[in-house]
Amino acid sequence: MAEKAAAAEKVVAETEELPKTIVRRVVKEKLSQLSMEGEISVLREALLALSESSRIFIHYLSATESKRQTINAEDVFKALEEIEFAEFVEPLRASLEDFRQKNAGKKSGSRKVKETKKGKEDTQMENGDDGKHPENNDDKDDAPDNE
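Residues numbered from 1 in each chain as written. Predicted model: local features only at pLDDT ≥ 70, side-chain atom pairs only at ≥ 80, totals over all residues. Heavy atoms only, no water.

Engineer: Before we go on, may I ask you to explain the overall build of the protein in this structure?
Structural biologist: Scanning the protein for helices and strands turns up five helices and zero strands. The secondary structure elements of the protein, listed N-terminal to C-terminal, are α-α-α-α-α. Within the protein, the proportion of its 147 residues that are buried is 10%. The contacts in the protein between residues at least 6 apart in sequence include a share of 24% that link residues at least 24 apart. (Helix = DSSP H or I, 4+ residues; strand = E, 2+ residues; numbered from the N terminus. Buried < 20%, exposed > 50% of the residue type's maximum accessible area, 1.4 Å probe, protein only. Contact = heavy atoms within 4.5 Å.)

Here it is in structure tokens:
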């Protein structure tokens with residue numbers, strides 16, 4: 001019975017783990033920014049410790065603001081203040097705003113591509129071209145019957 005409980009806990013822990021590649025990338029990027037020596041190697045145990053610490057912090061933070069199923073950025077900022085990490089709120093707000101601006105540029109670029117494609121389709125429809133080319137049509141209904 002104890003073996004089943006331990007196995008169940010291990011499965012839950014594995015499903016709650018943060019993606020190792022993302023943790024590694026974030027840690028290496030930040031450490032290389034802070035280091036004068038360039039790229040820094042990080043031991044696997046250190047990455048595991050950082051990942052586990054982050055996971056626990058996320059659980060603690062979300063438990064502080066667990067009144068609803070969906071947690072938004074303002075809930076996170078409020079929870080940070082409640083657990084006495086208020087000094088992180090303003091830098092995180094600035095970082096979130098930068099992130100939103102970068103993504104807004106990506107989204108608007110994506111919209112422009114979609115609008116261009118839609119404009120081409122509309123023009124084709126107005127010209128009577130449905131985008132299908134009869135010379136590429138493989139329908140066998142048009143072929144003469146050889147029976």
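Engineer: So what exactly am I meant to see when it comes to the packing of helix H2 (residues 20–34) against helix H3 (residues 44–64) here?
Structural biologist: It is the contact of H2 with H3, at a shortest axis distance of 10 Å, that shows an interaxial angle of 105°. The orientation of H2 with respect to H3, classified from their angle, is roughly perpendicular. Residues Val23, Arg24 and Val27 of H2 form the contact with H3, whose participating residues are Leu47, Leu50 and Ser51. Of the residues belonging to the contact of H2 with H3, the class tally is four nonpolar, one polar and one charged. (Axes fitted to C-alpha atoms, helices over the stretch in contact; angles between N-to-C directions. Parallel < 35°, antiparallel > 145°, perpendicular 65-115°, else oblique. Nonpolar A, V, L, I, M, F, W, Y, C, P; charged D, E, K, R; others polar.)

Engineer: Whenever I open this one, the environment of Arg24 confuses me. Can you help?
Structural biologist: With respect to the element layout, Arg24 can be found in helix H2. A relative accessible area of 39% means that Arg24 is categorised as partly exposed.

Engineer: Looking at this model, I keep getting lost on the nonpolar core. Mind explaining?
Structural biologist: As a rule of thumb, nonpolar side chains are buried together in soluble globular proteins. In terms of nonpolar packing, the biggest core is built from six residues, these being Leu61, Phe77, Ala79, Leu80, Ile83 and Val89. Looking at this core, the element that brings in the most residues is helix H4 (residues 73–82), giving three residues. If we ignore the near neighbours within four places in the chain, the residues touching Leu80 are Phe57, Leu61, Phe85, Ala86, Val89 and Leu92. (Core = buried A, V, L, I, M, F, W, Y, C linked by side-chain atoms within 4.5 Å.)

Engineer: I'm lost on the packing of H3 against H4 in this one. Help?
Structural biologist: The relative placement of two packed helices comes down to the angle between their axes together with the axis-to-axis distance. Interhelical geometry of H3 versus H4 gives an angle of 100° and a closest axis separation of 9 Å. One way to sum up the angle between H3 and H4 is to call them roughly perpendicular. Contacts between H3 and H4 involve Phe57, Leu61 and Thr64 from the former and Val76, Ala79, Leu80 and Glu82 from the latter. When its residues are assigned to classes, the contact of H3 with H4 shows five nonpolar, one polar and one charged.

Engineer: Would you explain the environment of Val23 in this entry?
Structural biologist: Its location among the elements puts Val23 in helix H2. Those residues in contact with Val23 that lie beyond four places of it in its chain are Leu18, Leu47 and Ser51.

Engineer: Sorry if this is basic, but what is going on with the side chain of Arg55 here?
Structural biologist: Position of Arg55 among the secondary structure elements: in helix H3. Owing to a relative accessible area of 14%, Arg55 belongs among the buried residues under this scheme. Sequence-distant contacts of Arg55, that is, excluding residues within four places in its chain, are made with Glu16, Glu17 and Leu18.

Engineer: Would you take a moment to explain the confidence of the model for the protein for this structure?
Structural biologist: Any region with low pLDDT has predicted coordinates that should not be read closely. This prediction gives the protein a mean pLDDT of 75; 60% of its residues lie at or above 70. The least confident element of the protein, judged by mean pLDDT, is helix H1 (residues 2–16) at 60; the most confident is H4 at 89. (pLDDT = per-residue confidence, 0-100.)

Engineer: Would you mind showing me how to read a nonpolar patch on the surface here?
Structural biologist: Together, Phe57, Ile58 and Tyr60 line one region of the surface with nonpolar side chains, adding up to about 290 Å² of accessible area. Within the secondary structure, Ile58 is located in helix H3. (Patch = residues over 30% accessible without salt bridge, like charges linked within 9 Å, V, L, I, M, F, W, Y side chains within 5 Å. Areas by Shrake-Rupley, 256 points an atom, 1.4 Å probe, with all protein chains shown as cover. Salt bridge = Lys/Arg side-chain N within 4 Å of Asp/Glu carboxyl O.)

Engineer: Could you clarify how one ought to interpret the packing of aromatic side chains in this entry?
Structural biologist: The description of an aromatic ring pair rests on the distance of the ring centres and on the angle between the ring planes. In total, this model carries two aromatic pairs according to the counting rule given. Judged by centre distance (5.7 Å) and plane angle (35°), the rings of Phe85 and Phe88 are tilted. Within the aromatic cluster, the residues linked to one another by ring pairs are Phe57, Phe85 and Phe88. (Phe/Tyr/Trp six-rings, centres within 6.5 Å; stacked < 30°, edge-to-face > 60°.)

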